[in-house]
Amino acid sequence: MLSSDTASVRVGWIGLGTMGLEMARNLQRHRASTGQTPITVYNRTQSKCAAVVEHGAHTVTSPAQVADASDVVFLSLLNDQAVKSVVTEILDALTVSSAPLLIADTTTVHPDTTQWVLDQISQRQQQLRRPVKFCQTPVWGAPPAAKAAQLVFVVSAGDDNSALAAIAVPAFARTTLDCGGDSLKAARFKVLGNFMIGAIIESLGEAFAVAHETGVGRELYLDFVKEVLPVPPVLGYARKMVEENGDAAKTQVGFNVRGGMKDVSYAIDVAKSAGMTLPVAELAHEHLQWVLDNGDESWDWSSLAYALRKQ
């Protein structure tokens, strides 16, 4: 188990993309300001580490070195394949026989990937020089929320959940949601949460398209959203469908089209595993595919509203 004295817990971080950089930087700032041990960071593009090192973090040149220097390692990676690659590298190169290692993955992955990691660790546990535990710890929140340390952090490490929560809140998250010790549950939870956001975007896109075509107007419909549904994600995506003559999603990118398609398809798969369907997810996937074919994959996934206007 991680020590309840999180000030002395050795924390590692692998992956400094759009979300990971903000989370790691906030974590290091918090630990430095409260007299806790600095974090150890690694990123494939090493120059990105400087933004965290300037606040007191240590940097190393491989994921294995992060693991050797840590009690818990957070992953914030691009996709499922990157998670598999990094976990494999860590397991292949564990060279220090010491306290147990907890790997906490914040990446949004398919539940099958979570199962693959759990199986790999289980199969190799007796050959490893350290006990290794894995948990899925996804987050909700766009890059601005990551920068403001206002993420929602999911924990699934069982007895280590309280320690993980103490490390994350208020360093990079505002609250936690507890999945006990079930990492598969956490992976499915994240995918279905992202589906809900995608369903909201699909519904907004349909409503704004009809409002525009029937003379109600996008601006007036945005006023409705502001007054009746003033929730940050809803309002944020609604504004992208109105600003810049309805094309703000082409330039105000928080989560791109290909990423949105990935998350929606994962949700469809989760439903299929239960013998169910998600018709709204299928519609959203169809509209995102249209944007991919006729627009640009770099646009924000709320650009599916563009597909509804143009089809």
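Relevant structure appears above.
In this report, we go over the structure that sits alongside the text. (Residues numbered from 1 in each chain as written. Predicted model: local features only at pLDDT ≥ 70, side-chain atom pairs only at ≥ 80, totals over all residues. Heavy atoms only, no water.)

Description of empty space enclosed by the protein
Filter applied, for reference: Cavities and pockets were defined on a 1 Å grid built over protein atoms only: a cavity is a set of grid points that admits a 1.4 Å probe from which the probe cannot escape, a pocket is an open set flanked by protein on both sides within 12 Å along at least five of seven lines, and lining residues are those with an atom within 4 Å of any such point. Grid points are joined across faces, edges and corners, and a volume is the space filled by probe spheres set on the points. To qualify as a helix, a DSSP run of H or I must reach at least 4 residues; to qualify as a strand, a run of E must reach at least 2; elements of each kind are numbered from the N terminus. In this classification, the charged set is Asp, Glu, Lys and Arg, the nonpolar set is Ala, Val, Leu, Ile, Met, Phe, Trp, Tyr, Cys and Pro, and all remaining amino acids, among them Gly, are polar.
Under the definition given, this model contains one cavity of 30 Å³ or more. Within this model, the largest cavity holds a volume of roughly 30 Å³. What lines the largest cavity is simply I197, I200, I201, P233, V234 and Y237. Of all the elements in the fold, those that place two or more residues in the lining of the largest cavity are α8 (183-213) and α10 (232-240). A per-class count over the lining of the largest cavity returns six nonpolar, no polar and no charged.

Let's talk about the layout of surface pockets
Of the volumes computed, that of the second largest pocket is approximately 200 Å³. Listed by contribution, the elements that provide at least two residues to the lining of the second largest pocket are β5 (101-105) and β6 (132-136). When grouped by side-chain class, the residues that make up the lining of the second largest pocket number nine nonpolar, two polar and three charged.

Notes on the sheet that holds strand β7 (residues 139-140)
Just so we agree on the cut-off: Here, any two strands with at least 2 DSSP bridges between them count as paired.
What the three strands build is an open sheet, ordered β7-β8-β9; its pairing is mixed. At either margin of the open sheet sits one strand with a lone partner, and together these are β7 and β9 (173-178). Inspection of the sheet shows β7 paired to strand β8 (residues 151-155) by two bridges, in the antiparallel sense. Bridging from a neighbouring strand, W140 pairs with V152 of β8.

A short note on the sheet that holds β6
The sheet built from six strands is open, its strands ordered β3-β2-β1-β4-β5-β6 with parallel pairing. Bordering the open sheet on either side are β3 (58-59) and β6, each of which pairs with just one other strand. As judged from the four bridges shared by strand β1 (residues 11-14) and strand β4 (residues 72-75), these two strands associate in the parallel manner. When the sheet's bridge partners are listed, V11 is paired in β4 with V72.

Observations regarding unusual backbone geometry
Cis geometry marks the peptide bond from V169 to P170; its omega dihedral reads 10 degrees. Tracing the chain through its elements places P170 in the loop between α7 (161-168) and β9. Unlike most non-glycine residues, A149 shows phi in positive territory, near 60 degrees. On the secondary structure map, A149 appears in the loop between α6 (143-147) and β8.

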